[in-house]
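Each chain is listed here by its residues.
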Amino acid sequence: MRAVLMAGGEGTRLRPLTCDLPKPMVPILNRPIAEHIIHLLKRHAITDVIATLFYLPDVFRDYFQDGSDFGVKITYAIEEDLALGTAGCVKNVAPLLNDTFLVISADSLTDFDLSAAIAFHHQRQSKATLVLTRVPNPIEFGVVMTDSDGRIQRFLEKPASSEIFSDTVNTGIYILEPDVLSYLSAQTSADFSTDLFPLLLAQGYPMYGYVAEGYWRDIGSLDHYREAQYDALYGKIALNINYPQPQHRLWIGENTFIDAEAQISPPVLVGTNCRIGARAILAAGTVLGDNVIVGAKADLARAVIWGGSTIGEEAQLRACVTARGVRVDRRARVQDGAIIGALSIVGEEAQVSAGVRVWPSKRIEAGATLNINLVWGATAQRHLFGHRGVSGLANVDITAEFAVRLGAAYGSILSAGSQVMVSRDQRSMSRMVSRSLVSGLMSVGIQVQNLGAIALPISRCAARTLGVSGGIHARIHPERFDFVLIEFFDDQGINLSKAKEKKIEGAFFKEDFRRAAVSDIGDITYPSQSLNAYASNFEKLLNITHNSPKPFKVVVDYVYAVSGAVLPHLLGKFGCDVVVLNASLRQSIPTLDEREELLVQLGAVVKALKANLGVQVTANGERFILVDEVGNAIQAESLTALMVEMSLRVNPHQIVVVPAHVSSAVDEIARRYNAQVIRTKLNATALMETCRKTLGVVLGGSAETGFIFPQLHPGFDAMFAIAKLIETLTLYPQTLQQLMAGLPNINYQTLAVRCPWNQKGALMRHLVETYPIEQIELIDGVKIKHASLPNHWVLVLPDADEPLIHLIGNGEDQGWVTQILQECCDRIQTFEALETAITNADSDTAEI
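A few points on the structure. For clarity, every value in this text was computed on a predicted model and none was experimentally measured. (Residues numbered from 1 in each chain as written. Predicted model: local features only at pLDDT ≥ 70, side-chain atom pairs only at ≥ 80, totals over all residues. Heavy atoms only, no water.)

### Remarks on the packing of helix α1 (residues 33-43) against helix α2 (residues 57-64)
- For the pair α1 and α2, interaxial distance at closest approach is 11 Å and the crossing angle is 50°. Classified by the interaxial angle, the pair formed by α1 and α2 is oblique. The way α1 lies across α2 gives a crossing that is right-handed. Facing α1, whose interface residues are Ala34, Glu35 and Ile38, α2 presents Phe60, Tyr63 and Phe64.
- Of the residues contributing to the contact of α1 with α2, the split by class is five nonpolar, no polar and one charged. (Axes fitted to C-alpha atoms, helices over the stretch in contact; angles between N-to-C directions. Helix = DSSP H or I, 4+ residues; strand = E, 2+ residues; numbered from the N terminus. Parallel < 35°, antiparallel > 145°, perpendicular 65-115°, else oblique. Left-handed = near helix turned anticlockwise from the far one by under 90°. Contact = heavy atoms within 4.5 Å. Nonpolar A, V, L, I, M, F, W, Y, C, P; charged D, E, K, R; others polar.)

Here you go:
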């Protein structure tokens, strides 16, 4: 059998280690990852290897040559101009593949039994077999679901937290028959997981998943790289370690001198031709490459030191990585998670702080303390984007420096000279952040259209008229008032897709920003007609006709943020009498308790003024809470149901789009008007995209997200929602109280249960496997429907940002809803306790 070894990886998330080295050549225990994979292939009698190369191919070829030194024969296929993707590079060598072949990545570490996987492939007469494994946190991988015979039923590439339905993931190892490549075009970029496998699955090809036992780790980040070193040292994976082993878990290369007073605590690996000074300490987990010098009294713990490095006397290194030829001078300190690029110098008594990355051939002056990456700034968290946009503590996580880099990262994925719109709310913090974003964008040659302080719905509406490539809006987070939220949207005003967010993350973490020449620095313009354009479209789509001699009276509470001050003016044009409360700007953000007090105050004012309704506008003009004519608040699921009722009453036989978790009251209402309900994932992008692409949508969203009216723009808009509500109330002689009384009576309850991050995937797989497939819905999370009662279900939804599982129960029978929530809560807690016990037992066994 032949193997195709995919060795073209650039390894951008391993920078600076891969600046001059392809990812498969990064060493684990002093041997390239690719060498460990070749040894694995050889152990399973696979000695005919085709290596596909793209990034720095000569480094790979110079090391392995024809493969004879490693007991294999290697043929090379180089992607010259374009990276062809995982499937495209294999299609490129299709003429060499005449029989069953194996595809394996050269940048993951594993000791799987490949022979067993191949035997499984032949037993099942499979056309494509994916080697699978189970991981604690599957969010970074392709999740796969199989039936009891191993046949693949469904898979999803790199799901969001709420999309996880299993902890069984694709390892990137495949056993394939040659004819599957006929579905691919030559010299065209394509991936197995996103292009070929979905096509084969849709056409009913026999595809199977083999769940392998053993070790597997995708070296997808610097943390994973270090952990792989430690796993190998502690024997969690079977690797060929070509050094003498004088005692258990201690390997020392030839011609190495270790002073008698040096202290070594296994497991430790010391390469050949090394020198370890007097009273030096090599603590457990330390790996030294070949030709390394460690000075007297140096203290190394869990440090990974590549070949040719010099560690000075009394230097201290903790859980860090130094690439080839690095020099760490006397008494210097390199802290946990720091990465020092090849040929760099850390001066005497200098300190490199935890998590800092230094690019190759840099020099840190003696005595300096480096708290930021060299050159462009501080390293951020692993995942930049959360459930919605980029958020963090104001002026702690989201600083001016951070925003400059974020703006530069976004601008770097766009063409030089592109137009980007920037807007914000009225807070001083948002002003600082938006100005920093503008600076970053300009630095990479982006032309900025600065709308300044403006409501987010107006900003989204402007995106389509200004001819921009995209937009950024900075505001105080609507739920966490000490946080800043930065949202990115496309040329239509729709939040960016996960794929584009990943591109921004890649540019941000690589810190490889395009730097514009002085003559190409971006400029700033200040569009002045955005508000007028919004108001014009607003008026065209509205028809408020009030037959009563008294004007329609509305009380609007702005909660000390003048995000939607345009609303009274617009409603006034249609003869409404608008009373405004709390419209002055206050820099301190009202707390949730204060907002509740303001809502009570709003209800009292509405009742006292005999107004038709009141609204509290929040989230920079995206959301609102309604108050009826007697002062009662209408919010959450009640408000969603009311908006659906009002929209379909005027527009029967049409479509409403709601998130998956919304109560079944909307389905009951839709049946009244012979309308359709489409449910989507609980994220802004999914709602906006569905509303934009689907003909006949009259309303999208929910009270929790905000409401979308696609005919105006594809974003959430509280102002237009309020106006449409008033429009409908003027057409029908009913009060809000009367309308609410006519809505379906659905019991809806929520509950949050703690669940560790590393157990979410396993829990969701457990639920999917526990219930019959006809009772399961996987739009977002796992929805379990009652076998016989319609409109009775419970939704199990992993939280995207916290170690929590949200349980949402829905049904006409309150007792059933309460019972099913408690049953699910008990099941999750029992599952968590069992998984924790198994994990602890595995850890105890590993220590023994």
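Resuming the write-up.
### A look at the pattern of salt bridges
- Evaluation of the coordinates by the stated rule reveals 36 salt bridges.
- Between Arg765 and Asp167 there is a salt bridge, with its nearest N and O atoms 2.2 Å apart. Pair noted here: Arg765 is in helix α19 (residues 760-770) and Asp167 is in the loop between β10 (152-156) and β11 (168-176), with a separation of 598 residues, a long-range link. Both residues of the pair, Arg765 and Asp167, belong to the buried class. (Salt bridge = Lys/Arg side-chain N within 4 Å of Asp/Glu carboxyl O. Buried < 20%, exposed > 50% of the residue type's maximum accessible area, 1.4 Å probe, protein only.)

### With respect to unusual backbone geometry
- Put simply, Arg15 and Pro16 share a cis peptide bond, and its omega is 10°.
- The residue Pro16 is located in the loop between β1 (2-6) and β2 (27-28) in this model.
- Along the chain, Pro266 connects to Pro267 via a cis peptide bond; the corresponding omega equals 5°.
- On the secondary structure map, Pro267 appears in the loop between β16 (263-264) and β17 (268-270).
- Its identity is not glycine, yet Asn291 carries a phi of approximately 60°, on the positive side.
- On the secondary structure map, Asn291 appears in the loop between β20 (286-288) and β21 (293-294).

### Digging into the sheet that holds strand β41 (residues 553-557)
- Pairing is mixed in the open sheet, where five strands are placed in the order β42-β41-β43-β44-β45. Each edge of the sheet is formed by a strand with only one pairing partner; in this case those strands are β42 (577-581) and β45 (633-634).
- Taken together, the five bridges between β41 and β42 define a ladder with parallel strand orientation. Counterpart to Val554 in the pairing with β42 is Val578.
- Across the sheet, helix α14 (residues 636-650) is in contact with β44 (623-627) and β45; its angle to β44 comes to roughly 90°.
- The sheet contacts of helix α17 (residues 718-731) involve β41, β43 (613-618) and β44, and relative to β43 the element is tilted by about 165°. (Pairing = 2+ DSSP bridges.)

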